[in-house]
Amino acid sequence: MLTVRTPKEVLQLARDKEARMLDLRFVDLPGLWQHVTFPITQLSEKTFEDGFGFDGSSIRGWQAISESDMLIVPDPNTAVMDPFTDIPTLVMIANVVDPVTKQHYERDPRWIAQKAEQYLRYTDIGDAAFFGPEAEFFIFDNISFDQSHNYGFYYIDAEEGRWNSSRKRDNLGYRPRYKEGYFPVPPTDHHQNIRSEMVTTMQDCGLDIECHHHEVATGGQGEIDQKYGPLVSAADNLMIYKYVVRNVAFRYGHTATFMPKPLWDDNGSGMHVHQSIWKQGKTLFAGEQYAGLSETALYYIGGLLKHAPALVAFCAPTTNSYKRLVPGFEAPVNLAYSRRNRSAACRIPMYSSEPNSKRVEFRPPDPSANPYLAFAAMLMAGLDGIQHQIDPGEPLDKDIYDLSPEEMRQVPSLPSSLDGALQALERDHEFLTRQDVFTEEVIETWMDYKMQNEVDAVRQRPHPYEFALYYDI
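Conventions adopted
- Within every chain, residues take consecutive numbers counted from 1 along the sequence as written.
- With pLDDT at 70 or above as the cut-off, local features in this predicted model cover only qualifying residues; side-chain atom pairs require 80 or more to be listed or tallied, and sums for whole chains, interfaces and linings still use all residues.
- Where side-chain values are given, they derive from all heavy atoms of the structure, hydrogens and water being excluded.
- Working definition: with a 1.4 Å probe on protein chains only, accessible area under 20% of the residue-type maximum means buried, over 50% means exposed, and in between means partly exposed.
- Numbering goes from the N terminus for both helices and strands, where a helix is a DSSP run of H or I of at least four residues and a strand is a run of E of at least two.
- A contact between two residues is defined here by any heavy atoms of the two lying within 4.5 Å.
- We call a set of buried Ala, Val, Leu, Ile, Met, Phe, Trp, Tyr and Cys residues a nonpolar core when their side-chain atoms join them within 4.5 Å.
- Two strands form a pair only when DSSP identifies at least two bridges running between them.
- What the arc measures is the spread of directions leading from the helix axis to the C-beta atoms.
- Axis lines are fitted through C-alpha atoms, for helices just across the contact stretch, and the angle between N-to-C directions can take any value from 0 to 180 degrees.
- In this scheme, roughly parallel covers angles under 35 degrees and roughly antiparallel covers those over 145, while 65 to 115 is roughly perpendicular and the rest are oblique.
- Take the far helix as the reference: if the near one is turned anticlockwise from it by less than a right angle, the crossing is left-handed, and if turned clockwise, right-handed.
- Each residue is assigned to one of three groups, with Ala, Val, Leu, Ile, Met, Phe, Trp, Tyr, Cys and Pro labelled nonpolar, Asp, Glu, Lys and Arg labelled charged, and all others, Gly among them, labelled polar.
- Here the term cavity refers to a set of points on a 1 Å grid, laid over the protein atoms alone, in which a 1.4 Å probe fits but cannot get out; the term pocket refers to an open set having protein on both sides within 12 Å along at least five of seven lines, with lining residues being those that place an atom within 4 Å of a point.
- Grid points are joined across faces, edges and corners, and a volume is the space filled by probe spheres set on the points.
- Any residue with relative accessible area above 30% and no salt bridge may belong to a patch, with like charges joined within 9 Å and the nonpolar Val, Leu, Ile, Met, Phe, Trp and Tyr side chains within 5 Å.
- For the area figures, the Shrake-Rupley method with a 1.4 Å probe applies, and any residue is considered shielded solely by the protein chains shown.
- Any Lys or Arg side-chain nitrogen found within 4 Å of a carboxyl oxygen on Asp or Glu counts as a salt bridge.

Observations concerning helix α10 (residues 418–427)
- With seven of its 10 residues buried, α10 lies for the most part within the structure.
- Along α10, the positions that sit buried rather than exposed are L418, D419, G420, A421, L422, A424 and L425.
- On its buried face, α10 is in contact with α6 (295–315), α7 (321–324) and α11 (440–459).

What follows is the structure in C-alpha cells.
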C-alpha cells in the first residue's frame, strides 16, 4: 500500500509513536535487506536531503574499497514502525546516493526499479505498471547445514514433514501427503495461527493482504497473497513481507525460508508475478483478443516469452532455482502462454471477467529473486514486446503431457541451469539497457558475481548424492 508522506509528517509520526530509534534499510545486489540504526534524535527534515554516510565497500556487489563512501537517503513514503523491536523503532527504506556527485548509485537495485518506472512514462505507452507477486515459503522447525573440504550436509526438521511420520514423540499423525498440501484444514495444516499472525503484522505495516493458505508441498509450505501495487512499491512491500514472515516464524521458534527448492521430491516455492500496464487510470490489458486480453497485452506477453531465457537470470537467480524449473514436473518452463495450462511460462488468470482484473501472470520467477531487479527486468521485456509488436504465437491450451514428441519440440523452454540463464543474459540484454535502466556495468557485475560466487562455487563441490551414485564405481 503506497502512503504519501512529507518529511514533516514522518517526524510527527515518530513523535506520535514515541519512536526512540531510526532504522534505515536498503537492499544489496543479491536481494537481502541491510540496515543501520540511529537514535531518533538524528532525524530531521534536512536528513531527507542530506542522508547518512556509510561504507559501501562491504556490501555484496557494490563499491571497491577505494571508493567506499556512500549516502543512504530515507524515502518518507516508506515510514513504518518496526513490529519486532523492543525499543520503539521507526523504519524507512532508503535510496543509495554517491556523496560526491549527489547522483543515485547505479548499482542500487531500488534505483534501477525507479528508472524502469520512469522509462515506462518516457515511452508514453502507459503511466503505471502494477505488479502482484505471490511469494511462497516453507516453515521448518530446524535447519542444519555445513560445507567443508571433507564433508557437506543439510538436515531439515519439520513437524509437518511427511518423513517425520515415524517420530516417537510429538507425532499425532496429521501431516499432508507429498504434493497434497493444498488447502487442508488444521490440524493437518500446522501453521494456521502462525500465518494469521504474519497477516495481521503485515497489515500493521501497511500491506494490503487478500488471503493466506497452505501450499502444495508438505513440510510447512505456505503462501500469503497481497494486493498488487506500483512496481517500486510492490518491491518495497515484498521486502517487508519477507521480513515479517521470517521474524514471526522466529518468534514461534521456527525458521522460514524463501529458498526455491529445499525439499527433494516435493513442490518448490515459486513467485508467480501478476503484471499489467495502465494509463490515466485505465488498464491497457483488457480487450477482445484471446482470454479477454488486448493486443497490447499479447505483445507484452510476446516480449516476456522472447526474453524469458535472459529474464530468469534475474527472476530465478540461484542455482537452486533450477531444481524447481525441471521439465515434466508441472514446472512453468515452456515458453508459451495459456489461460489454463500452468506449465506455460505465461498464464492469463480467468477468475474474473472484470476488465480491470485483466493481467498477465509470469510463472518462472521464485522468491529468491531481488524484486527490484526482477520486476524492472520483466517490465522492460514486456515494453520491448509492445514497442516491437512481438507476436507471442498461438496459445498452449492442450495438456502438455498429451503433446507428441514432435509437438513438444516446437515449444521452446527455459535454460536448465543458472549458468545457462546467465549465458542467455549475456547474449540478450539490449532491451534492459534502454535509457540506462540497467547499465552495462550493472549487468556485467551481476553476471560476474553470480558466476564466481554461486555457479562456480556449487559446481566445484561434490554433491552428497554423488557418493551414493559413484563411491563404489
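A look at the nonpolar core
- Ranked by internal contacts, the top residues of the largest apolar core, which has 125 residues, are L90, M198, F375 and F438.
- Sort the elements by how many residues they give to this core and α6 lands first, with 14 residues.
- Counting residues in hydrophobic clusters, the runner-up holds six residues, among them F138, I156, A158 and L263.

Regarding the pairing of strand β14 (residues 271–279)
- Burial of β14 is extensive: eight of the nine residues sit out of reach of the surface.
- Where strand β7 (residues 128–140) and β14 come together, eight bridges link them in antiparallel fashion. Bridged to A135 within β14 is M271.
- Here β14 runs beside strand β18 (residues 360–362); their pairing, made up of three bridges, is antiparallel. Paired with H274 across the bridge in β18 is E361.
- In textbook terms, the turn of a hairpin is the stretch between consecutive antiparallel strands, and for β14 and strand β15 (residues 282–283) this stretch comprises two residues, one of which, Q280, has a positive phi near 50°.

Some remarks on helix α1 (residues 7–16)
- Taken residue by residue, α1 has V10, L11, L13 and A14 as its buried positions. Around the axis of α1, the buried residues are gathered within 155° of arc, so they sit on the same side. What points out from α1, more than 90 degrees from its buried face, is the exposed set K8, R15 and D16.
- Contact partners of the buried residues in α1: α2 (47–50) and β6 (89–97).
- Remark: E18 follows α1 within two positions and exhibits a positive phi of approximately 55°.

Considerations on the packing of α6 against helix α8 (residues 371–387)
- Orientation of α6 relative to α8, taken along the N-to-C sense of each, is 140°, at an axis distance of 6 Å. When the axis of α6 is compared with that of α8, the two are oblique. Every pair of crossing elements has a handedness; the one defined by α6 and α8 is right-handed. Where α6 abuts α8, its residues T296, Y299, Y300, G303, L304, H307, L311, F314 and C315 lie against L373, A374, A377, M378, L379, A381, G382, L383, D384, G385 and I386.
- Residue composition of the contact of α6 with α8, grouped by class: 14 nonpolar, five polar and one charged.

Brief notes about empty space enclosed by the protein
- With the rule as written, the count across this model stands at one cavity of 30 Å³ or more.
- What lines the largest cavity is a set of 13 residues, among which R25, W33, V80, V91 and I240 lie closest to the centre.
- Of all elements in the fold, only β5 (80–81), β6 and α5 (231–251) reach the threshold of two or more residues within the lining of the largest cavity.
- Top contributing element to the lining of the largest cavity by residue count: α5, with three residues.
- Of the residues contributing to the lining of the largest cavity, the split by class is 10 nonpolar, one polar and two charged.

Looking at the environment of W33
- Summarising the element assignment, W33 is placed in strand β2 (residues 33–39).
- Not counting the four nearest positions on each side in its chain, W33 is found in contact with R25, F26, V27, I93, M239, I240 and Y243.

Side note on a nonpolar patch on the surface
- Among the surface-exposed residues, Y465, L469, Y470 and I473 lie close enough to one another that they form a single nonpolar patch of about 500 Å² accessible area.
- With respect to the element layout, Y470 can be found in helix α12 (residues 464–470).

Considerations on the environment of G303
- The residue G303 is located in helix α6 in this model.
- Relative accessible area serves as the criterion here: at 0%, G303 is assigned to the buried category.
- Sequence separation of G303 and V27 is 276 residues, and the distance between their C-alpha atoms is 27 Å.
- Residues within four places of G303 in sequence aside, it is in contact with A381, G385 and I390.

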